[in-house]
Amino acid sequence: MSIEAHGPCLLQEVKMADQSLLSESALGWSIFALVFLVILSFCWVYIRKYQSRQESEVISTITAICALAIALITSALLPVDIFLVSYMKHPNGTYKEWAENNETRGQIEDTVLYAYYSLYSLLLFCVFLWIPFVYFYYEEKDDDNINKCSQVKNALKYTIGFIIVCAALLLIGAFVPLEAPPNQNGTQWEKMQYLFEELGNNHGVPALSFSISSLTLIGMLAVITYTAYGMSVLPLNLIKGTRSVVYERLENTEDIEEVEHQMEKIKAKCEDGRPLSSRDRRNLQEFEDKLQVLQRRGRHLEIAESHCCTKVGSALRPLKILLGIFFILFALLFVVALFISNLDKALHSAGISSGFMVFGTNLTNPLNELLLTLQPVFPLDYVLITVITMYFVFTSMAGIRNMGIWFFWIRLYKIRPKRTRPQALLFLCMILLLIVLHTSFMIYSLAPQYVMYGSQNYLLQSPMPPGNNTTWTTKTCDADAPQDECTVTKSYLFLHKFWFFSTIYYFGNWVFIGVCVGNSKIWLTMFLQKCHRWCNYKCNL
């Protein structure tokens, strides 16, 4: 048949392929847009919950909301990245019609790459310019004898130090040679020329990757300090709950009766007309002040008991207990999956010089298998990634709220609902931003195959005796797969450009596991002791 006869069929196939590309890309990005709106709403509610009502400032509030939202949106881009590379291929390992062209695949990958460029650049802007400037601006505002111009000038002066650090990180990342120059015997100028050529070919990815990875190291320290602590304290606090208003009212009434009894005993000394001693008068005055405080507290408790929020809280008590049990099971799954992943790297990786890269799946990781199972049914894996990220945020927040913000042994700020100062709010957002930034690597540690390749497969030719037909077997993409058969996610390329960062993360994961186990043991012991005392108290009633 002639080409003209095939023309309409070929045109129809091209149109169908284009429609498939548009529909699948639109699905991934539309869900990302929905998550974007949810994240903005969450950040607004969360920051408004903790900011001080007396010292609230518009600029610090907007800064905190935007910085936290950018970090969460960056983490939300990971499932989109994995979804797009996974949907380029059929389950049997062959490329879909619209993805057979390298140029088409490159366009899709570039879309994700530019999104990462934008979001990571915004994160650097927040960490090294926006947040420091607003923080120092309000630090200078505490001085009443300073005008606005001096405030801005002094804040800029301190912020320049952060800008210099950012520039240094970008320059180091740009010119650190990832590979040795091809001409080892060349002149220094030729070697420098090679570095500039590499910088142009990589489109600045190493520079941005080095800066973000450096921040992720600080995030790792915050995760070890706050998140590991919060993973223990949050579920136990949910299960333990707070003391009921009825019990507090009863206890307050008993305290009032005791104070009134002590006052009557003192007043009884002067019934025969004798004056009270100075000591008795002082004690009587103290008891009167204490009685006023207890009576005022009783009125507040009476109002709180009749409040609808208290009744709703009592009704939701079983749900809090179930949520606490869920957090315990989720933490157990998290620590077990991380332990298996680290053990796999220790036993089967290519060594410390490769950043403990593992080729293939040697030990079954439950979280990695779960994500790979959910990935084809998009957006189920998106939901699980969101749960993991928000779990990190809530447990980190629980750790920060209980511990406060410390600089070594110096306590800088307390984090309390509706009473957090603007400077403390900015510090809080900076810590949460770094923790969320480290979440992407933690997810890679938990599910390396999922983060690198998603659910991609490829065809491998099986060796056969001469004269037999060639057979192809379908294999799961891993680090040992051919580059032209499996597409690596842009997230992996950004966060694992430098092997020494991956090595530090590996040892940091062991420290995180140890701190989690130690904290859980301490808090579980304290929880059991409190339960024992509560049971004894109930038995003695």
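Now for a look at the structure at hand. All figures in this text were calculated on a predicted structure; none of them were measured in a lab.

Our next topic: the nonpolar core. For soluble globular proteins, nonpolar side chains are generally found buried alongside one another. Of all hydrophobic cores here, the largest spans 129 residues; its most connected members are Leu72, Tyr120 and Phe512. If one sorts the elements of this core by residue count, helix α3 (residues 102-141) sits on top with 19 residues. Filtering out sequence-adjacent residues up to four positions away, leucine 72 remains in contact with Ile39, Phe42, Cys43, Thr389, Met390, Val393 and Val436.

Right, let's talk about a negative patch on the surface for a bit. Residues Glu254, Asp255, Glu257, Glu258, Glu260 and Glu264 make up a contiguous surface patch of negative charge. With respect to the helices, strands and loops of the structure, glutamate 257 is situated in helix α7 (residues 245-268).

Once that is clear, we can look at the packing of aromatic side chains. Within this structure, the stated rule accounts for 28 aromatic pairs. These aromatic residues form a ring-pair network of at least three members: Phe326, Phe327, Phe330, Phe334, Tyr391, Phe392 and Phe512. A cation sits over an aromatic face here: lysine 157 above tyrosine 158, 5.4 Å from the ring centre.

As for its placement among the helices and strands, aspartate 81 is situated in helix α2 (residues 58-86). The side chain of aspartate 81 is buried and forms no salt bridge, while lysine 490, the nearest opposite charge, is found at 7.7 Å. Reaching out from aspartate 81, the side chain makes a polar contact with the backbone nitrogen of serine 491 at a distance of 2.9 Å.

One turn of the α-helix equals 3.6 residues, which is why residues spaced by three or four share an orientation. Taken together, the buried positions of helix α11 (residues 366-374) are Leu367, Asn368, Leu371 and Leu372. When α11 is viewed along its axis, its buried side chains cluster within an angular range of 135° and face the same direction.

A few words now on the environment of methionine 220. Mapped onto the secondary structure, methionine 220 falls in helix α6 (residues 205-240). The buried category is assigned to methionine 220, whose relative accessible area is 8%. As a C-alpha pair, methionine 220 and leucine 434 span 214 residues in sequence and 8.0 Å in three-dimensional space.

Rules used throughout
Residues numbered from 1 in each chain as written. Predicted model: local features only at pLDDT ≥ 70, side-chain atom pairs only at ≥ 80, totals over all residues. Heavy atoms only, no water. Core = buried A, V, L, I, M, F, W, Y, C linked by side-chain atoms within 4.5 Å. Buried < 20%, exposed > 50% of the residue type's maximum accessible area, 1.4 Å probe, protein only. Helix = DSSP H or I, 4+ residues; strand = E, 2+ residues; numbered from the N terminus. Contact = heavy atoms within 4.5 Å. Patch = residues over 30% accessible without salt bridge, like charges linked within 9 Å, V, L, I, M, F, W, Y side chains within 5 Å. Areas by Shrake-Rupley, 256 points an atom, 1.4 Å probe, with all protein chains shown as cover. Salt bridge = Lys/Arg side-chain N within 4 Å of Asp/Glu carboxyl O. Lys, Arg positive; Asp, Glu negative; His and termini not counted. Charge placed at Lys NZ, Arg CZ, Asp CG, Glu CD. Phe/Tyr/Trp six-rings, centres within 6.5 Å; stacked < 30°, edge-to-face > 60°. Lys NZ or Arg CZ within 6 Å of the ring centre and 35° of its normal. Polar contact = N/O pair within 3.5 Å; in protein donor to acceptor, adjacent residues only side chain to side chain. Arc of directions from axis to C-beta.

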